[in-house]
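Below, each chain spelled out in residue letters.
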Amino acid sequence: MDKKIQSALISVFYKDGLENIVQELQRLGVTIYSTGGTQQFIEQLGVKVVPVESLTGYPSILGGRVKTLHPVVFGGILGKRSDATHLEEMKQYQIPEIDLVIVDLYPFEETVATTREESAIIEKIDIGGPSMIRGAAKNFRDVLVVAAKKEYAALEKLLKEQHGITREEQRRFFAAKAFEVVAHYDVAIAKYFNTADNLYFLESVPEPKNMRYGENPHQAGVFFGDLSELFDQLNGKELSYNNIVDTDAALQLIREFEDTTFAIIKHTNVCGIAQRASVKESWDAALAGDPESAFGGVLVCNGTIDKATAEAINEIFFEVLIAPAFEEDALAILRSKKNRILLQLKKQPAGKSQYKSMLNGVLVQDTDRGNFLDWTETTKRKESPEEKADLLFANIVCKHLKSNAIALVKNKQLIGKGCGQTSRIDSLRQAMEKAKQFNFSLEGAVMASDAFFPFDDCVRLGHEAGITAFIQPGGSIRDNDSIDYCSKHNLSMILTGLRHFKH
């Protein structure tokens with residue numbers, strides 16, 4: 001059923017964009033009720049406004065905590081115009097009908113992000129706002145509710161084009177948006193109070209964005225979140241579902257390094273990574289590790305992309321390049337392909353938890369931070385400084401490969417990797433075959449494993465190929481088999497005490 005807006009209640013924290021709506025309501029002859037700062041804002045526009053206090057008979061009390069919590073206000077919002085009893089009671093108690101509610105919420109999340117002062121945070125828990133929004137949304141058959149400033153433009157358009165007349169499907173649409181706003185707000189508050197002793201799964205991520213498709217063309221896909229918080233996109237098409245997955249893997253990896261590092265990601269696995277004195281040298285070494293797999297990959301670097309690097313990168317096909325900065329002449333080169341996605345990183349994702357939908361529930365875990373608990377040298381042969389640097393590098397790289405994972409590193413360059421295999425020895429064979437394919441010698445290389453060696457077969461095979469140092473978490477009942485082999489053959493083995501399974 002169509003409804004004409006004859007009265008409106010406005011109480012907002014954010015007033016940007018409100019001016020045009022207020023003036024349009026004035027043009028339509030709508031009675032406006034308001035309070036506090038919003039009332040003052042409307043009055044300064046020269047628009048007549050009725051103070052809510054004149055309806056309730058009470059001023060704003062308790063430091064502003066109680067302003068609109070009154071039967072006259074909520075009766076005007078919740079009264080059913082089709083119910084004769086409601087109308088009779090509203091007339092008896094002099095409750096005006098309220099046809100439009102424009103209310104937003106105190107900035108709770110913004111306050112949590114900027115202060116640790118609990119008293120300030122608590123005062124930003126809105127009470128009246130969510131109650132009015134929920135009431136108006138519940139009564140959408142009679143009332144239009146606008147609960148966020150991002151809906152102001154749609155409201156203004158509706159008022160102008162329909163001259164204050166609203167249709168039920170429109171009111172229902174705005175009600176759904178309003179319930180989303182309140183639900184997100186309540187989740188944010190609950191998460192603030194949530195503790196490890198009172199853990200339950202709560203998450204609300206606004207701004208859904210439809211993907212072209214999901215992991216495959218026959219699957220629908222949606223991303224919830226605001227990527228512009230993390231990147232400025234400087235070129236290219238929209239990120240796909242798979243682009244986002246690989247970009248996340250790339251950022252999780254590159255955040256581990258401070259020295260200049262370049263990495264290539266394919267299906268979330270590292271297929272090339274190197275650390276050198278310059279970005280260009282790092283790129284060249286990363287690509288040399290597996291130039292075949294680099295095709296169509298996601299590239300990430302922690303240094304500025306200069307012209308020389310851009311010219312080299314421009315020679316291959318890739319999906320995404322992520323870097324903290326780009327020189328202008330580098331951008332000119334890289335923008336030669338219109339679909340090539342260039343992302344300038346502004347900040348790393350701050351999430352402390354990861355979760356997956358599994359079976360009939362959700363799995364939640366801490367993000368895998370840290371690389372070793374201990375640095376236990378288990379053999380008499382101490383690793384050289386060069387080997388130690390390579391072992392540290394290899395351990396990080398291996399952490400970011402799918403299990404079972406093996407990383408072979410030499411001179412801070414990944415020269416062979418095996419991942420996603422059902423046995424560790426198969427991962428090693430795969431890694432050695434990769435090294436052989438691209439003509440790398442394993443003499444003096446190091447090996448990292450994401451989990452313990454259940455037998456001594458990996459160290460035996462690695463030693464036969466020329467590997468001189470190993471790093472692994474340990475924890476097998478047969479750790480000594482591998483340790484004894486290394487001791488007997490003058491090899492170095494480090495136990496970290498920290499496993500890095502990745503599925």
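For the structure, see preceding data.
Summarised in this report is the structure supplied together with it. (Residues numbered from 1 in each chain as written. Predicted model: local features only at pLDDT ≥ 70, side-chain atom pairs only at ≥ 80, totals over all residues. Heavy atoms only, no water.)

1. A closer look at the overall build of the chain
Move 1: Counting its regular elements, the chain contains 18 helices and 25 strands.
Move 2: Relative to its length of 503 residues, the chain is extended, with a C-alpha radius of gyration of 31 Å against a globular reference of 23 Å.
Move 3: Its C-alpha atoms give the chain principal-axis dimensions of roughly 95 × 55 × 40 Å.
Move 4: Out of the 503 residues in the chain, the part that is buried amounts to 48%.
Move 5: In the chain, the share of contacts with a sequence separation of at least 24, taken over all contacts with a separation of at least 6, comes to 56%.
Move 6: A total of about 25300 Å² of accessible surface is found on the chain, and carbon and sulfur atoms cover 51% of it. (Helix = DSSP H or I, 4+ residues; strand = E, 2+ residues; numbered from the N terminus. Rg over C-alpha atoms; globule rule 2.2 N^0.38 Å. Buried < 20%, exposed > 50% of the residue type's maximum accessible area, 1.4 Å probe, protein only. Contact = heavy atoms within 4.5 Å. Areas by Shrake-Rupley, 256 points an atom, 1.4 Å probe, with all protein chains shown as cover.)

2. Regarding the packing of aromatic side chains
Move 1: In total, this model carries nine aromatic pairs according to the counting rule given.
Move 2: Aromatic pair Phe295 and Phe317: ring centres 5.1 Å apart, planes at 45 degrees, arrangement tilted. Of the two residues, Phe295 sits in the loop between α12 (279–289) and β13 (297–301) while Phe317 sits in the loop between α13 (307–313) and β15 (318–323), which places them 22 residues apart along the sequence.
Move 3: Members of the aromatic cluster, each reached through a chain of ring pairs, are Phe108, Tyr185, Tyr192 and Phe193.
Move 4: A cation over an aromatic ring shows up here: Lys149 above the ring of Tyr14, its NZ or CZ 4.7 Å from the ring centre. (Phe/Tyr/Trp six-rings, centres within 6.5 Å; stacked < 30°, edge-to-face > 60°. Lys NZ or Arg CZ within 6 Å of the ring centre and 35° of its normal.)

3. So, the sheet that holds strand β6 (residues 144–146)
Move 1: Taken together, five strands build an open sheet; the order of strands is β4-β3-β2-β5-β6 and the sheet is parallel. One side of each edge strand has no neighbouring strand; the edge strands of this open sheet are β4 (50–51) and β6.
Move 2: Sitting on the sheet, helix α2 (residues 36–44) is in contact with β2 (7–11), β3 (31–34) and β4, with an inclination near 140 degrees to β3. (Pairing = 2+ DSSP bridges. Axes fitted to C-alpha atoms, helices over the stretch in contact; angles between N-to-C directions.)

4. Digging into unusual backbone geometry
Move 1: A cis amide bond, omega -10 degrees, links Ser403 with the succeeding residue Asn404.
Move 2: The topology assignment puts Asn404 in the loop between α15 (385–399) and β21 (406–409).
Move 3: For Gln94, which is not glycine, the phi dihedral falls at a positive 55 degrees.
Move 4: Turning to its location among the elements, Gln94 is positioned in the loop between α5 (84–92) and β5 (100–103).
Move 5: Accessibility expressed as a relative area gives 70% for Gln94, which makes it exposed.
Move 6: Despite not being glycine, Asn411 shows a phi value in the positive range, around 55 degrees.
Move 7: Here Asn411 is to be found in the loop between β21 and β22 (414–418).
Move 8: Asn411 gets classed as exposed once you look at its relative accessible area, which sits at 51%.

5. A look at the environment of Gly37
Move 1: Here Gly37 is to be found in helix α2.
Move 2: The class for Gly37 is partly exposed, based on a relative accessible area of 41%.

6. Points about the sheet that holds strand β24 (residues 469–472)
Move 1: In space, the six strands of this open sheet follow the order β20-β25-β24-β23-β21-β22, with mixed pairing throughout. Lying at the two open borders of the sheet, with one neighbouring strand each, are β20 (376–377) and β22.
Move 2: Sheet topology note: the β21/strand β23 (residues 446–449) ladder contains four bridges and is antiparallel. Residue pairing across strands places Leu408 opposite Met447, the latter belonging to β23.

7. A few points about the pairing of β24
Move 1: The alternating pattern of β24 places Ala469 and Ile471 and Phe470 and Gln472 on opposite faces, both of which are buried.
Move 2: Bridge analysis of β23 against β24 gives three bridges, and the strand direction is parallel. Pairing of Val446 across the sheet is with Ala469, part of β24.
Move 3: Following the chain from β23 across helix α17 (residues 457–465) to the adjacent parallel β24, one finds a crossover that is right-handed.
Move 4: Judged from the four bridges that link them, β24 and strand β25 (residues 492–495) form a sheet pairing that is parallel. Within the sheet, the bridge partner assigned to Phe470 lies in β25 and is Met493.
Move 5: One crossover worth recording links β24 to the parallel β25 by way of helix α18 (residues 479–488), and it is right-handed. (Right-handed = clockwise from strand over helix to strand, strands pointing away.)

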